[in-house]
Amino acid sequence: MPYPTDRRYTKDHEWVRVSGDAATFGITDYAQHELGDVVFVDLPVSGTKVAAGQTFGTVESVKAVSEIYAPASGEVIEINSSLSDAPEKINQDPHGAAWLVKVRLADPAEIDSLMDAATYEAYIAENSREASA
Amino acid sequence: MRYLPKSPSERSEMLAAIGAKSIEELFASVPPGFRLKQPLALPGPLSEAEIIDFFKARAAENSLGYTRFLGAGVYDHLRSVVTDALIQRGEFLTSYTPYQAEISQGTLQAIFEFQTLMCQLTGQEVANASMYDGSTAMTEAALMAERVTGRHRVLVAKSVHPEYRQVLATYARHAGLGVEEIPYSASGQVDSVALLAALNDETAAVVVQSPNFLGVVEPVAELAGMSHAKQALLVVTIAEAVSLGAIRPPAEADIVAMEGQSFGLAPSYGGPFVGVIASRERYVRQMPGRLTGQTIDAQGRRGFVLTLATREQHIRREKATSNICTNQALCALAATIHLCLLGREGLRELAVQNLSKASFALSELEKIPSVKRAFSAPFFNEFAVELPRSVKLVNAALLREKIIGPFVLGTAYPELTKHALVCVTETTPRGEIERFAASLRRILERPV
Amino acid sequence: MGDVAGAGIAPPVKTQMADKIKKASRHTSQNEGLIFEKSAPGKRGMELPPLDVPALDPKSVLGAAYTRADVEHFPEVSEIEVIRHFTRLSTWNYSIDLGMYPLGSCTMKYNPRVNEIVARLDGIATEHPCQPQEVSQGCLKILRLLEKCLLEITGMDALTLQPAAGAQGELTGLLLIRAYLESQGNPRKKVLIPDSAHGTNPATAVIAGYQVENIKSESRGQIDVEKLREIVNEDVAALMITNPSTLGIFEEKIAAIAEILHAKGALLYMDGANMNALAGIARPGDFGVDVLHLNLHKTFSTPHGGGGPGAGPVAMKKMFEPFRPIPVLVAKPNGALALDSQRPRSIGRVRAYGGNFGVMVRALAYILAYGPGIRQATEDAVLNANYIRKGLEGSYDLPYSLPSMHEVVFSDARQRKHGVNTMDIAKRLIDYGFHPYTTAFPLIVPGALMIEPTESECKEECDQFIEAMRAIAEEAAANPELVKTAPHSTRVSRLDEVTAARKPILRWKPHTA
């Protein structure tokens, strides 16, 4: 699937979509595919401070656990509580309904160094090639 | 050798197929300097009959023919022969951990039944598939409370089994978990005044045992109230599981850490036993050990699988809730079978027998003028008495009469210098209780 | 919710290659619900002898506040129902008594029945750990002899039998290392662990209060000695290795590895899970290991019982002796044996009482059966593994080609081209009458097939295994769907593990209303 152009992407397969001084974080379609069927998501509570590049939660499948790394620094203002009853949303709609947290950004400029959709698509193509080599 | 199913000609054929001239070639990767040139100096080989003779000779050097009044965390209870008839079936005895669910449904369903029985007994919502024993279950429960609350201090009643507390100390040291001990009161229960004074916002959990090591039951509901008022968890440890047949289950506790040895496992000089952790559903992802869950297959048939495995070391590795891998599965199966045999009425009757025999024993002992009960709170099948002289010396005299006397409380509690912990279960005949009382009276009447 | 009607009768095996499956066929397997579903009030499975003292009402002794009304919904069934219930369940299990478990690093060998008899003897099973030592000399002699045998096999100086399983043995071993290093002035910070290690190794290191540093294996799957030389410094407490490695390959540079560590005051810990390749052939104490644990439920034949119990004794060099957990087995001046807990430098206790004594009895019985001939078992184990390796080299990818000892690791690289992975192959192996091998471990081999036959397998079983695996390799190419939807012959097909994790149902509950 073509990756949405309204957001930026990290090397650890998270996405961030900015609106004003707030941003929404999620994990990408590539990430959910690698994980397999998601069974559980562990997210921080509102008010938690997150730092760019640091873990702020985990996503679990039956056979694996993946850390999620914050694309940018800030304070969590909302979490997607629908995921606790329906973690499978992450497999179904990772870029839309399965957003993870909304964050008030500490430094919006951090986003600029992240990959855009085209760069990310090239990055994962490169990754896949290496994996099957 | 009877355990090796190959004839010399088969070995030759296989070597030829590999293209090796001798078995030594297959060990070429071991540096020559390290390859042993002599056989190991080991006893044997023994035939089956000689092995049995060897162990029978060892058995004769132990305590056959003695009557025992020892509990202290390991209890003599009746076992049905049905249990061994079932757990000795090769399909249970020699099967592996049920990672491949399709060919392990026997083990998995039995574990699911075990988990259910443990919940029913303890009044908790979920239980795991076993820990090593009560001491490590309690330790893991304390570490679990640390994870759940994010706090780093536990308050442990001194009336908790001394060896359990020692195990906790060993693990806590490296987990950065602070442990403070809370004394017991004259009743034998935990000193609630001291506990209240020690409870604060750093407390992850309060840990008590019920019935405790001194034999008395702890007021679990009140202790839960006190702990929860400070957002600390209450961990209740149980060493004599049969007590749950008569005593109110610790439903208000947040975590129950139990030793299941009393459910059909022989004392076996200390192990193997079976520990269990039971808790609330909301803490399940912080629970250590395996968990079995119900599910369906592609055709909609009910089946069981190991689940929530991402807590465990083979997936989480350094971030696992515990390093436990091998547990006590066959012991848990034995406990499950035993409990199914006893059933609702049988367990209750068993508990009543224990209660009655112990109370009878106390009344017989109290007839001896110099013997009195220590502590006043209710007890189950163990109670402490104070003697007029050293329990060790009294026990040495009892031993000459083929009686293994009560636990010397002074070894674990230096302040209880002349106190003995007497245990009586359904296995002690009335005649032996009376003989014990008579012997004790006679020994105490002798000049020191 | 009960079984769907007709469940338990497996669908016909969907294969044109049915005649290739020689070892397995179907047998009648009865349906069986949960024991709670058979329960009805008033039934009992066990009766007690009558009470010979006055019966007391718990409420009168304990008080109402402490008394339990009932154990709600506890099962009520008869003895025959218990026998039938668990017998039926047992028929749903695979077991060593039935056939091979080619599980790598598990050492699923025959569990000798005489071990079960001696562990249950009156005077052995009946002994209380707190009873006086005067009436426990038999038990203590068993412990003493087992210690001596294990020291002889490992070439070490001292032992503790207390740990309840391998993971607890690892923890004990690391705590011994920590205590020793502390006594030398600095407990250090890190433990090095190869990327091929079993998950218990890093989990244990963290519990022991150490940071984990992973060390990548080199191209042949061995410890990268040059890399090791670079990273060993005074912050490193120990390297935890398995030898032979989890690839089944002996670390040929083990002497150099030990030297590098010792030169910097660091220690070599060995996970003894693979001792089945070494007993009677080589001794860890001779090749530089400082501390190791053994798995009595692997190398020493004690039964797995569906997941345990085991025992994980720890053997060590002399300098660790003072730190051993309490109690320690000692000989008194008069020759009697005793358990001593007055050990001021001990790391403390790792579990109540002395350990899984019943498991130790079984392990000793096993050693006595073999005596010095234990070497033959090791030779047969290595012979079987190499025979299977030879038989399968043409069908499966062998990522590391150094000589195998008691186990061999293939990968699913060739089969992956057809969309079939190691898990699928493992599931199809079930239809051929075998338990799967270890899948997806060690982590350094993507799509691993880790195979350890043990010495308990006869040539015929090995041949049938080779045939089965070759047939599956062919199926993967010609009919991948067949493999991907396996197993076809079991009473349940692949189970929904996803729903089991998303919405866990961890106990039976009575229906309300």
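Conventions adopted
Residues numbered from 1 in each chain as written. Chains lettered and ligands numbered in written order. Predicted model: local features only at pLDDT ≥ 70, side-chain atom pairs only at ≥ 80, totals over all residues. Helix = DSSP H or I, 4+ residues; strand = E, 2+ residues; numbered from the N terminus. Buried ≥ 20, exposed ≤ 12 C-beta atoms within 10 Å, placed from the backbone. Contact = placed C-beta atoms within 7 Å. Rg over C-alpha atoms; globule rule 2.2 N^0.38 Å. Domains from an automatic or database assignment. Nonpolar A, V, L, I, M, F, W, Y, C, P; charged D, E, K, R; others polar. Pairing = 2+ DSSP bridges. Axes fitted to C-alpha atoms, helices over the stretch in contact; angles between N-to-C directions. Parallel < 35°, antiparallel > 145°, perpendicular 65-115°, else oblique. Left-handed = near helix turned anticlockwise from the far one by under 90°. Core = buried A, V, L, I, M, F, W, Y, C linked by C-beta atoms within 7 Å. Expected span 1.5 Å × (residues − 1). Right-handed = clockwise from strand over helix to strand, strands pointing away. pLDDT = per-residue confidence, 0-100.

> What's the story with the overall build of chain B in this structure? I'm lost.
If you tally the helices and strands in chain B, you get 13 helices and 15 strands. Considering only C-alpha atoms, chain B reaches an extent of 85 × 55 × 50 Å along its principal axes. Looking at the 448 residues of chain B, the share that counts as buried comes to 62%. Considering only contacts in chain B between residues 6 or more positions apart, those separated by 24 or more positions represent 72%.

> Please clarify how the overall build of chain C should be interpreted in this entry.
Helix and strand content of chain C: 15 helices and 12 strands. Relative to a compact globule of 513 residues, whose C-alpha radius of gyration would be 24 Å, chain C shows 26 Å and is just as compact. Across the 513 residues that make up chain C, the buried fraction comes to 58%. Sequence-distant contacts in chain C: of pairs separated by 6 or more residues, those separated by 24 or more amount to 73%.

> Hey, could you run me through the domain arrangement of chain B in this one?
Frequently, the measure chosen for interface size is the accessible area that the parts lose on association. All names here are of chain B. Domain boundaries in chain B define domain 1 (67-78 + 344-445) and domain 2 (81-338). Averaged C-alpha coordinates put domain 1 and domain 2 at centres separated by 28 Å. Contacts between the two partners involve 25 residues from domain 1 and, on the opposite side, 22 residues from domain 2. Looking at which element gives the most residues to the side of domain 1 that touches domain 2, the answer is helix 11 (residues 329-366), with seven residues. When the residues that make up the side of domain 1 that touches domain 2 are grouped by side-chain class, the tally is 16 nonpolar, six polar and three charged.

> Got a minute to help me understand the sheet that holds strand 9 (residues 101-105) of chain A in this structure?
The strands that make up a sheet pair up through hydrogen bonds in the backbone, lying either parallel or antiparallel. Pairing within the open sheet is antiparallel, and its six strands lie in the order 1-2-3-9-8-5 (chain A). The open sheet has two edge strands, strand 1 (8-9) and strand 5 (49-50) of chain A, and neither has a second partner.

> Would you take a moment to explain the domain arrangement of chain C for this structure?
Annotation of chain C at the domain level lists domain 1 (33-90) and domain 2 (117-371). Taking only C-alpha atoms into account, the centre of domain 1 of chain C sits 42 Å from that of domain 2 of chain C.

> Please clarify how the sheet that holds strand 6 (residues 55-61) of chain A should be interpreted in this entry.
All names here are of chain A. Strand order in the open sheet formed by three strands is 4-6-7, with antiparallel pairing between adjacent strands. Either end of the sheet is taken by a strand with one partner, and the two such strands are strand 4 (38-42) and strand 7 (65-69). Across this sheet, the average inter-strand angle for adjacent strands is 25°, counted without regard to direction. Examined bridge by bridge, strand 4 and strand 6 share four bridges and lie antiparallel to one another. Each residue of the ladder has a partner; that of Val41, found in strand 6, is Val59.

> Would you mind going over the packing of helix 5 (residues 166-183) of chain C against helix 6 (residues 200-207) of chain C with me for this structure?
Describing two packed helices takes the angle between their axes plus the distance from one axis to the other. All names here are of chain C. Relative orientation of the contacting elements helix 5 and helix 6 amounts to 45°, with a least axis distance of 9 Å. With respect to helix 6, the axis of helix 5 lies oblique. Seen along the crossing, helix 5 lies across helix 6 with a hand that is right-handed. On the side of helix 5, the interface is formed by Gly166, Ala167, Glu170, Leu171 and Leu174, while helix 6 contributes Thr200, Asn201, Thr204, Ala205 and Ile207. For the contact of helix 5 with helix 6, the per-class residue count stands at five nonpolar, four polar and one charged.

> Hey, could you run me through the environment of His297 of chain C in this one?
Its place among the elements puts His297 of chain C in the loop between strand 6 (291-293) and strand 7 (314-316). On the neighbour-count criterion, His297 of chain C (28 C-beta atoms within 10 Å) is buried. Not counting residues up to four positions away in its chain, the partners in contact with His297 of chain C are Thr326 of chain B together with Thr302, His304, Gly310 and Ala311 of chain C.

> Hey, could you run me through the interface of chain C and chain A in this one?
Facing four residues of chain C, the contacting portion of chain A comprises five residues. Across the side of chain C that touches chain A, the residue classes tally to two nonpolar, no polar and two charged.

> Even after reading the chapter, I still don't get the packing of helix 1 (residues 8-18) of chain B against helix 10 (residues 374-392) of chain C, so can you show me in this structure?
At a closest axis distance of 9 Å, the pairing of helix 1 of chain B and helix 10 of chain C adopts a crossing angle of 45°. As far as their axial angle goes, helix 10 of chain C and helix 1 of chain B are oblique. Where helix 1 of chain B crosses over helix 10 of chain C, the handedness of that crossing is left-handed. Residues Arg11, Met14, Ala17 and Ile18 of chain B of helix 1 of chain B touch helix 10 of chain C, and the partners they reach there are Leu383, Asn386, Tyr387 and Lys390 of chain C.

> How should I be thinking about the pairing of strand 7 of chain A in this particular structure?
Walk down a regular strand and you will see the side chains alternate between the two sheet faces. Residue and element names in this part refer to chain A. Bridge analysis of strand 6 against strand 7 gives five bridges, and the strand direction is antiparallel. Across the sheet, residue Glu60 finds its bridge partner in strand 7, namely Val65. Between the end of strand 6 and the start of strand 7, which pair antiparallel, lie three residues.

> In this structure, what is going on with the nonpolar core? I would like to understand it.
A general trend in soluble globular proteins is that nonpolar side chains are found buried together. By size, the foremost hydrophobic cluster in this structure holds 344 residues, and its most contacted members are Val207 and Val235 of chain B together with Met360 of chain C. Here this core takes 21 residues from helix 11 of chain B, the largest share from any one element. The residues contacting Met360 of chain C, other than those within four sequence positions of it, are Ile142, Leu143, Leu146, Leu161, Leu296, Ala311 and Gly355 of chain C.

> Which parts of the structure should I look at to understand helix 7 (residues 162-175) of chain B?
In an α-helix, one turn spans 3.6 residues, which is why side chains three or four residues apart end up on the same side. Residues and elements named next belong to chain B. Taking 1.5 Å as the rise per residue, helix 7 with 14 residues should run 20 Å; its terminal C-alpha atoms sit 20 Å apart, in good agreement. The complete set of buried residues in helix 7 reads Glu163, Tyr164, Arg165, Gln166, Val167, Leu168, Thr170, Tyr171 and Ala172. On its buried side, helix 7 packs onto helix 6 (134-149), strand 3 (153-157), strand 4 (178-182) and strand 6 (233-238). Of the residues one or two after helix 7, Gly176 is the one with positive phi, at around 65°.

> Could you clarify how one ought to interpret unusual backbone geometry in this entry?
What you tend to see is this: most non-glycine residues have negative phi, and most peptide bonds are trans. Between Ser210 of chain B and Pro211 of chain B the backbone carries a cis peptide bond, its omega angle lying at -10°. By secondary structure assignment, the location of Pro211 of chain B is in the loop between strand 5 (203-209) and helix 9 (220-229). At the junction of Asn243 of chain C and Pro244 of chain C, the peptide bond is cis and its omega measures out at -5° in the coordinates. Counting through the fold element by element, Pro244 of chain C comes out in the loop between strand 4 (236-242) and helix 8 (254-263).

> Can you walk me through the pairing of strand 6 of chain B in this structure?
All names here are of chain B. Judged by how many residues are buried, strand 6 sits mostly within the fold: six of six residues are covered. Relative to strand 6, strand 5 runs parallel, the two sharing five bridges. Residue pairing for strand 6: Val207 is matched across the bridge by Val235. Considered for its hand, the β-α-β crossover made up of strand 5, helix 9 and strand 6 is right-handed. Two strands pair when backbone bridges link them, and strand 6 and strand 7 (residues 255-259) are joined in this way by four bridges, in the parallel orientation. Following the sheet pairing, Val235 is matched in strand 7 by Ile255.

> What am I meant to see in the confidence of the model for chain C here?
Do not read the fine detail of predicted coordinates wherever pLDDT is low. All names here are of chain C. When pLDDT is averaged across chain C, the result is 93; 96% of the residues are at 70 or more. When the criterion is pLDDT under 50, residues 1-17 qualifies, and its contacts beyond four places in sequence or with other chains add up to 30 contacts. Taken together, the chains of this predicted complex give a pTM of 0.95 and an interface ipTM of 0.97.

> Got a minute to help me understand the environment of Ala277 of chain C in this structure?
Residue and element names in this part refer to chain C. Here Ala277 is to be found in the loop between strand 5 (267-271) and strand 6. For Ala277, a count of 26 C-beta atoms within 10 Å gives the class buried. Sequence separation between Ala277 and Ala377 is 100 residues; the distance between their C-alpha atoms is 9.1 Å. With residues near it in sequence (within four places) discarded, Ala277 still touches Pro244, Thr378, Ala381, Val382, Met405 and His406.

> What is the right way to look at the environment of Ala203 of chain C in this model?
Note on placement: Ala203 of chain C falls in helix 6. The contact partners of Ala203 of chain C, leaving out residues within four places of it in the chain, are Gln313, Arg317, Glu318, Ala320 and Asn323 of chain B.

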